[in-house]
Structures are given as C-alpha cells and as structure tokens.
Amino acid sequence: MKVGVLGSGDVAKSLASGFTRHGHQVMLGSRDPEKLNDFVIKHKGSQSGSVAEAAKFGELLVLAVKGAVAAEVLAAAGTANLVGKPVIDTTNPLADAPPDNGVLKFFTNLDQSLMERLQAAMPEAHFVKAFNSVGNAAMVNPQFPGGKPTMFICGNNDNAKATVRGILDQFGWETADMGKAAAARAIEPLCMLWCIPGFVSNDWYHAFKLLRRE
Ligand SMILES: NC(=O)c1ccc[n+]([C@@H]2O[C@H](COP(=O)([O-])OP(=O)(O)OC[C@H]3O[C@@H](n4cnc5c(N)ncnc54)[C@H](OP(=O)(O)O)[C@@H]3O)[C@@H](O)[C@H]2O)c1
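Procedures and definitions
Residues numbered from 1 in each chain as written. Predicted model: local features only at pLDDT ≥ 70, side-chain atom pairs only at ≥ 80, totals over all residues. Heavy atoms only, no water. Helix = DSSP H or I, 4+ residues; strand = E, 2+ residues; numbered from the N terminus. Rg over C-alpha atoms; globule rule 2.2 N^0.38 Å. Buried < 20%, exposed > 50% of the residue type's maximum accessible area, 1.4 Å probe, protein only. Contact = heavy atoms within 4.5 Å. Lys, Arg positive; Asp, Glu negative; His and termini not counted. Charge placed at Lys NZ, Arg CZ, Asp CG, Glu CD. Near = heavy atom within 4 Å. Polar contact = N/O pair within 3.5 Å; in protein donor to acceptor, adjacent residues only side chain to side chain. Areas by Shrake-Rupley, 256 points an atom, 1.4 Å probe, with all protein chains shown as cover. Nonpolar A, V, L, I, M, F, W, Y, C, P; charged D, E, K, R; others polar. Expected span 1.5 Å × (residues − 1). Core = buried A, V, L, I, M, F, W, Y, C linked by side-chain atoms within 4.5 Å.

1. Let's talk about the overall build of the chain
The secondary structure content of the chain amounts to eight helices and eight strands. Relative to the globule expectation of 17 Å for 214 residues, the C-alpha radius of gyration of the chain, 16 Å, shows essentially globular dimensions. By principal-axis analysis of the C-alpha atoms, the chain measures approximately 40 × 35 × 35 Å. Buried residues in the chain amount to 50% of all 214 residues. Sequence-distant contacts, at least 24 apart, represent 68% of the contacts inside the chain between residues at least 6 apart. Considering the chain, the positive charge centre built from 21 side chains and the negative charge centre built from 20 side chains are found 3 Å apart.

Here it is, written out as structure tokens:
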C-alpha cells in the first residue's frame, strides 16, 4: 500500500520503518521534510514531504503528532487529501503538566476522547485508534515470551478497521476491536497505564494482552 505518515517523531519513524520492511511505500509528512533526509536514505521505499503531500500520497494514513496539535495538522493535511481514507490515530491527549506519581495528565476527560474530537472535525476521514498504548520500540514485530500482544482498536468505519487489522496482522499483533469511536475514551487512557512502569521503574518495554476463552 501507499502509506502517508503525518509526523516526524519516534512513532512516525518506527511505523514508517515497519511499513517499508513489510513492503509498503511510505511518505512521511513534516513542516520541515528535510530533517527526515537521513531517515529516507536509510529506509528504501520511504520519502518525505509536506504534511499535505504525505496525506495526498497515502491510501492509508497514519497520524503520529503531538496530541495537542493533531487537529491543526489534519487541517494542514487538507480535507481533500483525507476524504474516504483510513487514518490510524496513534495520538494521545497529553497535557503539558508533568506526571503525578508516574500518572500522565490528559487534556480530555472520560466523556470525550481526542479521536472523537478529530473524527468530528474531519468527518470525511475514517479514524481508527491504534498504536497509542504501546511504546514505539514495540510497535512493529513485538517480541515477548508470552506471545503476540493485543492491540485495542476502535473506529466508526468497518472497512477502515479491516485495513488496520490487516496491517496489525503483518506487524505481529493480535487485534481486539472495541467498537465505535467512543471506545477511544477507554483506549486512550491505556497510554497512562502503559507509561507508569516507565516513569516509576524505567521499564519501557511491555505491552497489553487480552486473555479470552477459546
Ligand atoms: N513516543 C511513543 O513511544 C508513543 C507511543 C504511543 C503513542 N504516542 C503518541 O504518538 C504521537 C507522536 O508521538 P512522538 O513521540 O512520535 O512525537 P511527538 O514529539 O509527540 O510529536 C512530534 C510530531 O508533532 C509535530 N508537532 C509538534 N508541534 C507541532 C506544532 N506546533 N504544529 C505542527 N506539528 C507539530 C511534529 O511535526 P514537525 O515534523 O512538523 O515538527 C512532529 O511530527 C503523540 O500523540 C504521542 O502521544 C507516542
């Protein structure tokens, strides 16, 4: 697939690297595409451009920017470049305040998630929450003695979720579909839980697994 990754940080690079390793073509989008020159040289199948160029390039998009500016970045991407496309939303609504005993602060509350805000602001795109509750080091082909970890996803469009499920299969995850966009109210705070061992014990490599009856 052609994948447009909106972002230039650790998440954008980890996922872009994974997409190229799995045979996809990637364009990363940034306000300053040249800062990605080294990355592009090292990752065959990748290129960089403006946010709007990356959004136009992708049949599948990944939103991997600071949560507080996510709506702004989508506006810069341009509605026409987002219409009808699945958008993997990796963002978390992190507030500027420092963590309290290792517990991050969010600028949202439990009655409305960041993804619902983004979906309302850009109804033409099909947002799917994914990759927000695991560190970037374990996003692609995670290795754990307990087997495949679980990626919790949600979104309003079933076709978009099927596309994301296919990517998660390729990237070595088990998918747990939690339903519509409202479920992001539960999935986004998993990031807070995931980060606690990091802040408290400097343990940044772990992932969630949902155990089920067969
Ligand atoms: N780090 C992780 O392991 C991890 C794991 C799961 C989820 N997440 C979430 O994934 C998202 C990306 O995280 P990250 O750590 O890779 O990067 P980050 O530092 O949260 O964000 C960097 C990105 O945000 C953009 N950005 C920052 N300020 C901006 C502004 N004022 N206007 C426009 N764009 C701006 C940058 O764009 P430019 O390229 O234009 O500078 C860059 O692409 C975040 O929402 C984070 O909460 C992170």
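2. Things to note about the side chain of Glu188
Relative to the helices and strands, Glu188 is located in the loop between helix H7 (184-187) and helix H8 (190-201). Sequence-distant contacts of Glu188, that is, excluding residues within four places in its chain, are made with Asp89, Asn92, Pro93, Phe106, Ser113, Leu114, Met115, Lys129 and Asn132.

3. Observations regarding the site of the ligand
As a matter of local geometry, the ligand sits amid 24 residues, with Ser8, Ser30, Arg31, Lys35 and Val65 nearest to it. The side chain of Lys35 places a nitrogen or oxygen atom 2.9 Å from an oxygen atom of the ligand. The contact in question runs from an oxygen atom of the ligand to an N or O atom on the backbone of Asn92, over 3.2 Å. When isolated, the ligand has an accessible area of 880 Å², and the protein chains bury 75% of it. Each residue belonging to the shell around the ligand can be placed in one class, and the counts come to eight nonpolar, 11 polar and five charged.

4. Focus: helix H5 (residues 114-121)
Residues of H5 that are buried include every one of Leu114, Met115, Glu116, Leu118 and Gln119, and no others. Tucked into the core, H5 has its buried residues touching strand S4 (60-63), helix H4 (70-77), strand S5 (86-89), strand S6 (126-129) and H7.

5. With respect to helix H1 (residues 10-21)
A rise of 1.5 Å per residue sets the reference length of H1, with its 12 residues, at 16 Å; its end C-alpha atoms lie 16 Å apart and thus fit the reference within 8%. Here H1 has its buried residues at Ala12, Ser14, Leu15, Ala16, Ser17, Gly18, Phe19 and Thr20. Just beyond H1, the residue with positive phi is Gly23, at close to 90°.

6. Observations concerning the nonpolar core
Soluble, globular proteins show a tendency: their nonpolar side chains are buried together. Grouped together as the largest cluster of nonpolar side chains are 65 residues, with contacts concentrated most on Leu6, Phe19, Leu63, Phe127 and Phe131. Counting residues per element, this core draws most heavily on H8, which supplies five residues. Once residues lying within four places of it in the same chain are set aside, the contact partners of Leu6 are Gly29, Val51, Ala54, Ala55, Val62, Leu63, Ala64, Val65, Val73, Leu74 and Ala77.

7. Thoughts on the environment of Val69
Summarising the element assignment, Val69 is placed in the loop between S4 and H4. With relative accessibility at 27%, the residue Val69 sits in the partly exposed group.

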